[in-house]
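Per-entry structural report
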Amino acid sequence: MSLFQAAILGIVQGFTEFLPISSSGHLVLFQKFFGFTNPKEVLAFDVALHLGTLLSVVAIYWKDLGRMVLGVFGKDRTGRRLVLLLVVATLPAVAVGLLFKGTIERLFAASSTLPFEFLFTGFVLWGTRYLARYEKGTPPKGEGEVSSRDAFWVGWAQALAIIPAVSRSGMTVAAALFLRFDQRFAARFSFLMAIPAILGAGLLEAREMAHFDSSLILPVVVGSLVSAVSGFLAIRWLIGVISRGRLHFFAYYCWAVGIFSFFFL
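Residues numbered from 1 in each chain as written. Predicted model: local features only at pLDDT ≥ 70, side-chain atom pairs only at ≥ 80, totals over all residues. Heavy atoms only, no water.

The number of helices and strands found in the chain is 12 helices and zero strands. Reading the helices (α) and strands (β) of the chain from amino to carboxyl end gives α-α-α-α-α-α-α-α-α-α-α-α. A separation of at least 24 residues holds for 82% of the contacts in the chain among residues at least 6 apart in sequence. (Helix = DSSP H or I, 4+ residues; strand = E, 2+ residues; numbered from the N terminus. Contact = heavy atoms within 4.5 Å.)

Right, let's get into the pattern of salt bridges. Between side chains of opposite charge, a pair can form when the charged atoms approach closely. Under the counting rule described, the total for this entry stands at six salt bridges. Between Asp-64 and Arg-188 there is a salt bridge, with its nearest N and O atoms 3.0 Å apart. Of this pair, Asp-64 sits in helix 4 (residues 62-73) while Arg-188 sits in helix 10 (residues 183-204), placing them 124 residues apart in sequence. The buried category is assigned to Asp-64, whose relative accessible area is 10%. Lys-141 is the partner of Asp-150 in a salt bridge, and the nearest nitrogen-oxygen pair spans 3.0 Å. Relative accessible area serves as the criterion here: at 7%, Asp-150 is assigned to the buried category. What makes Lys-141 partly exposed here is its relative accessible area of 24%. (Salt bridge = Lys/Arg side-chain N within 4 Å of Asp/Glu carboxyl O. Buried < 20%, exposed > 50% of the residue type's maximum accessible area, 1.4 Å probe, protein only.)

With that settled, consider the packing of aromatic side chains. Under the counting rule described, the total for this entry stands at 13 aromatic pairs. Residues Trp-126 and Trp-255 carry aromatic rings whose centres are separated by 5.8 Å and whose planes lie at 50 degrees to one another, so their mutual orientation is tilted. In this pair, Trp-126 is assigned in helix 7 (residues 114-127) and Trp-255 in helix 12 (residues 250-264), connecting sequence segments 129 residues apart. For the pair Trp-126 and Trp-255, a shared accessibility class is recorded, and that class is buried. Seen in terms of ring centroids, Phe-181 and Phe-185 are 5.9 Å apart; in terms of plane orientation they differ by 25 degrees. Their pairing is stacked. Judged on exposure class, the residue Phe-181 and its partner Phe-185 are both buried. These aromatic residues form a ring-pair network of at least three members: Phe-123, Trp-126, Tyr-252 and Trp-255. (Phe/Tyr/Trp six-rings, centres within 6.5 Å; stacked < 30°, edge-to-face > 60°.)

Okay, helix 7 next. Helix length check: helix 7, at 14 residues, gives a terminal C-alpha distance of 20 Å against a target of 20 Å (1.5 Å per residue), a fit within 8%. When we look at burial in helix 7, the residues that qualify are Leu-114, Pro-115, Glu-117, Phe-118, Thr-121, Gly-122, Leu-125 and Trp-126. The inward-facing, buried residues of helix 7 abut helix 2 (23-34), helix 9 (168-178) and helix 12. (Expected span 1.5 Å × (residues − 1).)

Moving on to the packing of helix 1 (residues 3-18) against helix 11 (residues 217-243). Helix-helix packing is characterised by the crossing angle of the two axes and by the distance between the axes. Two numbers describe how helix 1 lies on helix 11: the axes approach to 7 Å, and their chain directions differ by 30 degrees. Comparing the axis directions of helix 1 and helix 11 gives the class roughly parallel. Where helix 1 crosses over helix 11, the handedness of that crossing is right-handed. Two secondary-structure elements touch here, helix 1 through Leu-3, Ala-6, Ala-7, Gly-10, Ile-11, Gln-13, Gly-14, Phe-15 and Phe-18 and helix 11 through Leu-218, Pro-219, Val-222, Gly-223, Val-226, Ser-227, Ser-230, Gly-231, Leu-233, Ala-234, Ile-235 and Leu-238. (Axes fitted to C-alpha atoms, helices over the stretch in contact; angles between N-to-C directions. Parallel < 35°, antiparallel > 145°, perpendicular 65-115°, else oblique. Left-handed = near helix turned anticlockwise from the far one by under 90°.)

Phi at Arg-180 is positive, roughly 70 degrees, even though this residue is not glycine. The residue Arg-180 is located in the loop between helix 9 and helix 10 in this model.

That is the geometry; function is a separate question.
Take a look at the structure:
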């Protein structure tokens, strides 16, 4: 793997992890394009790139993270409540990941279902276009109004996104919007949910890091740093897109990639 390829994969991972167009699906496509054939080596590199994007979330939401730490170990009730919501939202993905780990790995290895998954993501995103404006006297739910049940349903959307080309951010933000979350909190909650999701996946696949040889250390460092920077930029941009109610615009891209995948794979 060259440094150029590592940087390209870092850019792909960073932008697609948070934009609602599926990072895993894009990584599979680009890895096939570059001709990477060692599945364990590919998986290990993917883990490193995902941990890189974790840095971008921490850089943007460090105040929320600090508030959650105070909530757990101090007296910040709002921080403690946010921790509870994130724990509840993470449970479905943990259950699905542990129970269906073998099936998920086979889906990643086969890649034949990617076109359908991209198309499905597009249809979900397009559905956000038809969300009715909140009625007068019924404001959207901010952080203080979101219930554990709401968080649980958003968590199931994240669990669905374990499938390769189903976007995690797309599913979670769309689910939050359908549940009438405030647009900015829908984005923030989705990105904060990425932290335990990425950490959990990294821990589960940590043993794959043993498949790196010394020649891959520099590409891993380059790819991870590039993914962190591009992830930071992607989050900043997407917050604005969601706030303006334009999430559905990404449906066109997902549909185009899905159609392209029918011929490429």
